[in-house]
Structures are given as C-alpha cells and as structure tokens.
Amino acid sequence: MPREIHHISSLISGCCKNDRNSQRDLYHWLYDYAMKICYRYVSRQEEAEELANESFIKLFKNIQQFDGTRGGETEALLKGWFKRIVVNTCIDHLRRTHLKLVSQEINEEGETFADSQESGIDKLMYLEIIDAIKKLTPVYRTVFNLFVIEGFSHEEIAKQLGISVGASKSNLSKARHNLRKIITEQTEYKLYA
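Residues numbered from 1 in each chain as written. Predicted model: local features only at pLDDT ≥ 70, side-chain atom pairs only at ≥ 80, totals over all residues. Heavy atoms only, no water.

Participant: Explain the overall build of the protein chain to me, using residue names and the numbers behind them.
Facilitator: When helices and strands are counted, the protein chain shows nine helices and zero strands. Ordered by position in the sequence, the α and β elements of the protein chain form the string α-α-α-α-α-α-α-α-α. By residue count, 39% of the 193 residues in the protein chain fall in the buried class. Expressed as a percentage of contacts within the protein chain between residues at least 6 apart in sequence, the contacts between residues at least 24 apart total 70%. Accessible surface, the protein chain: about 11300 Å² in total, of which carbon and sulfur atoms supply 52%. (Helix = DSSP H or I, 4+ residues; strand = E, 2+ residues; numbered from the N terminus. Buried < 20%, exposed > 50% of the residue type's maximum accessible area, 1.4 Å probe, protein only. Contact = heavy atoms within 4.5 Å. Areas by Shrake-Rupley, 256 points an atom, 1.4 Å probe, with all protein chains shown as cover.)

Participant: Before we move on, can you summarise the pattern of salt bridges with the specific residues and values?
Facilitator: On inspection of all chains with the given rule, the structure shows seven salt bridges. Put simply, E46 and R44 hold a salt bridge, and the shortest N to O gap is 3.7 Å. Taking the shortest distance from any N to any O, the salt bridge between E150 and K83 comes out at 3.3 Å. A residue pair is termed long-range when its members are at least 10 positions apart, and E150 in the loop between α7 (138-149) and α8 (154-161) and K83 in helix α4 (residues 74-96) qualify at 67 residues. Note on E150: relative accessible area 17%, which makes it buried. The network of salt bridges with common partners includes R40, K83 and E150. (Salt bridge = Lys/Arg side-chain N within 4 Å of Asp/Glu carboxyl O.)

Participant: Talk me through the nonpolar core; I want residue IDs and the actual numbers.
Facilitator: Core analysis: the largest hydrophobic core is formed by 50 residues, its most contacted members being L26, L59, L78, F82 and L146. Where this core is concerned, the elements lending two or more residues are α1 (3-16), α2 (20-39), α3 (45-62), α4, α6 (126-134), α7, α8 and α9 (165-192). Examining the composition of this core, we find that nine residues originate from one element, α4, more than from any other. Not counting residues within four places of it along the chain, the set of residues in contact with L26 comprises L11, C15, F56, L59, F60 and L78. (Core = buried A, V, L, I, M, F, W, Y, C linked by side-chain atoms within 4.5 Å.)

Participant: Report on the environment of Y31, specifying residues and quantitative values.
Facilitator: When you line up the elements, Y31 lands in helix α2. Between the alpha carbons of Y31 and F56 there is a distance of 8.7 Å; along the sequence they are 25 residues apart. Aside from chain neighbours lying at most four places away, what touches Y31 is E49, N53 and F56.

Participant: Kindly report on the packing of aromatic side chains, identifying the contributing residues and their values.
Facilitator: Enumeration over the complete set of coordinates arrives at five aromatic pairs. Considering the side-chain rings of Y27 and F56, the 4.5 Å spacing of their centres and the 50° angle between planes classify their relative orientation as tilted. Taken as a pair, Y27 in helix α2 and F56 in helix α3 lie far apart in primary sequence, 29 residues in all. Linked through ring pairs, Y27, Y31, F56, F60 and F82 together constitute an aromatic cluster. Its end group placed over the ring of Y33, K79 keeps NZ or CZ at 5.1 Å from the ring centre. When the ring centre of Y39 is taken as reference, the NZ or CZ atom of K134 above it lies at 4.1 Å. (Phe/Tyr/Trp six-rings, centres within 6.5 Å; stacked < 30°, edge-to-face > 60°. Lys NZ or Arg CZ within 6 Å of the ring centre and 35° of its normal.)

Participant: Hey, could you go over unusual backbone geometry for me, with residue numbers and the actual values?
Facilitator: Positioned with a positive phi, N18 is a non-glycine residue whose angle comes to about 60°. Within the secondary structure, N18 is located in the loop between α1 and α2.

Participant: An account of α8 is needed here, citing residue identities and associated values.
Facilitator: Those residues of α8 lying buried are H154, I157, A158 and L161. All buried residues of α8 lie within an arc of 100° about the axis, which places them on one face of the element. Count one or two residues on from α8 and you reach G162, which has phi positive near 70°. (Arc of directions from axis to C-beta.)

Right under this line is the structure:
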C-alpha cells in the first residue's frame, strides 16, 4: 500500500477514535478543498470559513459512517464523501439565511434555451469564472452550482431546495443569462482597458 494512502487510512482511523492530532492533520489536508467548494456558494470569506468549519464538525461527527473499503482510492472516496457534506452544509445555510427562491415557472419554449456563447467562457481563466459566479444572486448561484458544477438534475435541485422543477430550470436559465452578461462586461473592460 502506498505511503500516502496508508497515511489517509490512519488519519481516518485516528479520527474515528477522536484523536485530536489525526483530526488536525485531516483538517489541514482538506481545508483548501472545502474552502473552494464554499466559495462557489457564498462570496464573503467569513461566511465561507464558517461553512467550511461547520462541514468539518459534521465530518468528524460522522466519520465512522465513511466506507473506505469500497472499490477505489481511499483519498478520492473521502474527498467525494466530504464534498457532499460541504455542498449540503452550504445549501442548508443558504436556505436558512438568505435564499429567497423565485418560483417562476417557465414555459416550454424557455426550456429549450440555446447556449451559443460558450466560446467566451472557454477563454476565461478559472478564477475569472469563479469571480463571475460569485456576482450572481444567491438563488441563481446556488442553482447554477448544483446543476453545472455538482451535476444534480433539476428534479434533485427542486427536491433539495423545496422548489418546483420549473423554478429550477428558470433560475438556471436566468443564471446563465446573467453570467454571460457579467463575463461579457469583464471581457469588454479588459479589451478597452
């Protein structure tokens, strides 16, 4: 067994026994990963840090439920399991605090929204895209992240957020429209700056 995988397994084992050193090492190993996920849902650093820490509390509380014996690398399995915790923590936070979803239904034509401007997004660097996503309203940002980045279906998003499938589709369509507008403005600014 490679040293790194053995090390991750021993950290998990230590965390199951509430070993503070193992918890600290796992925290330091996964902290940046958690923050990147949190920043996709909230834009303030303090809020992202709070959500990341809340996610770690849930991780340590439920670490015994992690099944690292399934097929695959322990490191990847743990990151996937933890990612789900972080995403759910962010959604719960947004639902509690400032997510006022617009539950507008869209008509059949709105569902066949053509996406013809992907080439502009393709040219931007990762940080510019994340910055543009942060400028979306919490509602649009959440639906966009869940659909595009996390890979949820509209049915899953509707169930998770307590909205209709049509509202999820509408919010995604509006998020994409607003994101194009933000990115176009950023790109035009750079061209003329």
